Each structure stands twice: as structure tokens, then as C-alpha cells.
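Descriptive analysis of the structure
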Amino acid sequence: MELLAKLEQHLQGLHDQSLIRKRRSVETPCAPRMTVDGRELLAFCSNDYLGLAAHPRLAEAMHQGVQLYGTGSGAAHLVSGHSRAHTLLEQRLAEFMAPHLVAAQALYFCTGYMANLAVITGLAVGDKNTEIFSESLNHASLIDGGRLSRTSLRVYPHADLAALREMLETSTATNKIVVTDAVFSMDGDLAPLPELLALCEQHQAWLVVDDAHGFGTLGENGRGALEHFGLRSPYLVYVGTLGKAAGVGGAFVAAHRTVIETLIQRARPYIFTTAAPPALAHALQASLDIISGDEGRERRAHLRALVAQLRDGLRFERWHLMPSQTAIQPIVIGENEETMRLAAALYEQGIWVGGIRPPTVPAGTARLRVTLSAGHSHDDVARLVETLNKLERN
Ligand SMILES: *Cc1c(COP(=O)(O)O)cnc(C)c1O
């Protein structure tokens, strides 16, 4: 079949550039120690930053959620799939994020990918003269949301406030939307949110903040990047994901109730999909209890200590650690092949770290993406540090 031959040729091209990706089938829950092919690995590659993905209290809440609500929602939210569990979760999320927003309301989504598509297309819906200003290192879902909104889209260079200011000043759009990751997924650094918000308020622009990696991990109470920077504004549209630090799945948008009502009425990625199982929303309420309580605070403090231990311990000459203070600690290697060879060498020694290549990161900056979790011990990190220091010298 000629159609298949074309696909095979394309795949061979990926293979030739060391760009073929492989999935590994994990036999145990997401935790620092995972079993793959019967072998136990010490993993530094999940986004389970607080170590909640296999927490007994959440597992229990999930069981209880299934008993209360069954397994499936059965329909989209606007049909009959909107369960009391979703309502309660949304109320909790709105209260949790209220210190940072004005007239806060929250909306739960099946995934962060869909939440981002919904926010960007939803904010664009009321005005044909919309322009989107997107940070260059934004997550793929934000880029796709921009494309789907079929409006003018301009990309500003990473953390370049002067470039964004210039774009906002020269824009003739009557509906401006600035979109940024709060914590950059592949670099671990933070966006300059206070300065971005000041620019947005000055130019009457929305500021969409995707805090997939900050929600639960940043801020005294785990409210994420907005709490970390102490921000509050009606211009903020906040996206938090719930499959990373929160340990379950899905995502939410928190914003002024008028924004949320607009998404409910008009955002196709919200409307035309079956609601997530209510049991997830039920388990997520237990997750919020942990995040916002003493245990969450302890887990965040432990995570910060692990980050410091890693950064203090690594001694590189050729590779470099990126300037990140978050749980994402990428080590830039450069070439794809070298990066994947190192990832394989670590794997051989029982340590699982993801190798990240283009197009996820720019060409020539392939990296090992080390992620830490509050589930790790200081001994785990010591083992990683020692192994990496040795590998670099070889
Ligand atoms: C993971 C991630 C998403 C997508 O969230 P999912 O719930 O996994 O779909 C969106 N934005 C960023 C920055 C992410 O890292």
C-alpha cells in the first residue's frame, strides 16, 4: 500500500534523527520506585511533584467516589454529565483561588490540554478584532489554542518584556490576550508574572497563566504562581492542572465569573466532550485538602530541600544545569543522540530520567529532564547526583 509506505518513510526519517519516541509500560503506581519489565527503577521523570499520585488517602477517596457516583459521567456537562462531585470541586477550587482573582469562579476540565484550548478560543469569542500574544516557550496546548481561535497570533521571545510591550503598544486589536506558562515545562524557570500583569493592566489585556507545574507546588498554601508572586487581578485567567502535583487528573480554569460563564456557553472543548468521571472530582477534593493543609506544606518544604540538594551536588564541566528553582531541573546536553545515549546509560543503572528532544525543545538543546518529587528521599537524590557526576566525567 502506497499510503503506508509514505508513513513508513516518515517514521524512518525520525529514526535517522534519533527522534523516535518509545513508551515504557509501567507495572506499578506512579512513585519514585516503579517497575518496568519486572525491573525496579528509581524514577526522576514524572510530574507527580508532591508524591500524591498513589497516596492512600486519595486512593480511598477515589474508591468512595466510585461508590457514590459510579465509574462514568455518561454525558457532557451541559447534557446530564455534570455531577454534584464536579460542582463541589469547582466550589472548592474557586474558594481556594479567590485571594488572587476578582469574583472567582472555577470550571473543571478533563485535561489541561482541553482547558487551554477552551480558554484561548473562549476569550476570543466575543470580539473579531482579537490578537493573541504568546510567549515563545509556551506549552503545545497553548499554541494549539491560538491556532484554533483563528485570530492573529504573535509570539514574543522568552521572558522579553520589552518586546511584548512594543507589540501591545502597536497592536490595534480591541481584545488582547497575553498567554504564558507560569513555570516553563522544559526549563523550570518562572515567567515574570508581576511585570506581565502590570503590562496587561496597562494595555487592557487578559493575562492567561498556565500554571501546570506551579499549582500545588508553589506558594505557602500551594495556590501556585499567583500566590508565589502575591498577585490579584480581574485580568488574570488562571489554568491549573490536576494530574501533576494534585495527583489525580484533569484541570481547571479559575477567573472572573463572567469569563467562566463565557466558557460554559461558548468554549467547544468544554461543551463537546463527555464530562470526566465524577469519582475523579471526588478524589480531587481530598487532594485539595492535602495540598492546602499541613501535609502539603511539609511536602513542599521537603521538595525545596531536594531541589537544593540536587543543585548543590551536581558538578558539571560540559553539561549545564538550567537556572531553575522549581522541581523541574533540566540538564542541557545538546545533541539528540548523546542525550538519548545518556538516558539509556542511566536506565541501565536503574535510574529513569527522560531525554527531551526537538520539537519539544529547540534544536541543539536536547536535555535530560530531571524532575523531583516530595516522594523522593535525600538518599534517592544522592544516588542520582553521584551517578550523573560520574557519567559526565566519562
Ligand atoms: C502538562 C501540561 C499541560 C497539559 O495538561 P494535561 O492535564 O496533561 O493535559 C498544559 N500546560 C502545561 C504547561 C503542561 O505542562
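Residues numbered from 1 in each chain as written. Predicted model: local features only at pLDDT ≥ 70, side-chain atom pairs only at ≥ 80, totals over all residues. Heavy atoms only, no water.

Focus on the sheet that holds strand β2 (residues 39-43)
- Overall, mixed pairing links the three strands, which are arranged β1-β2-β12 in an open sheet. Looking along the sheet, the strands with just one partner apiece sit at the ends: β1 (33-36) and β12 (351-352).
- By the bridge criterion, four bridges tie β1 to β2 in an arrangement that is antiparallel. Bridge assignment links arginine 33 to a residue of β2, and that residue is leucine 42. (Pairing = 2+ DSSP bridges. Helix = DSSP H or I, 4+ residues; strand = E, 2+ residues; numbered from the N terminus.)

Here's the deal with the domain arrangement of the chain
- On domain assignment, one finds that the chain holds domain 1 (19-48 + 294-393) and domain 2 (56-292).
- The C-alpha centroid of domain 2 is placed 27 Å from the C-alpha centroid of domain 1.
- Each partner contributes residues to the interface: domain 1 has 19 residues there, and domain 2 has 22 residues.
- Contact between domain 1 and domain 2 buries roughly 1,500 Å² in total, counting both sides, with carbon and sulfur atoms accounting for 53%.
- The largest contributions to the domain 1 side of the interface with domain 2 come from Asn47, Arg297 and Arg300, which together make up 34% of the buried area.
- Put simply, domain 1 and domain 2 have two salt bridges between them.
- For arginine 367, the salt bridge is made with aspartate 187, and the minimal N-O distance between the two is 3.1 Å.
- If you look at where domain 1 meets domain 2, you find 11 residue pairs in polar contact (both at pLDDT 80 or more).
- Every element with two or more residues in the side of domain 1 that touches domain 2 is listed here: α13 (294-313), β11 (328-334) and β14 (366-371). (Domains from an automatic or database assignment. Contact = heavy atoms within 4.5 Å. Buried area = accessible area lost by both parts, 1.4 Å probe. Salt bridge = Lys/Arg side-chain N within 4 Å of Asp/Glu carboxyl O. Polar contact = N/O pair within 3.5 Å; in protein donor to acceptor, adjacent residues only side chain to side chain.)

Regarding the side chain of arginine 367
- Tracing the backbone through its elements, the reader meets arginine 367 in strand β14.
- Taking relative accessible area as the criterion, arginine 367 reaches 3% and is therefore assigned buried.
- One polar contact links the side chain of arginine 367 to the main-chain carbonyl oxygen of methionine 186, over a distance of 2.8 Å.
- At 3.1 Å, the side chain of arginine 367 and the side chain of aspartate 187 are in polar contact. (Buried < 20%, exposed > 50% of the residue type's maximum accessible area, 1.4 Å probe, protein only.)

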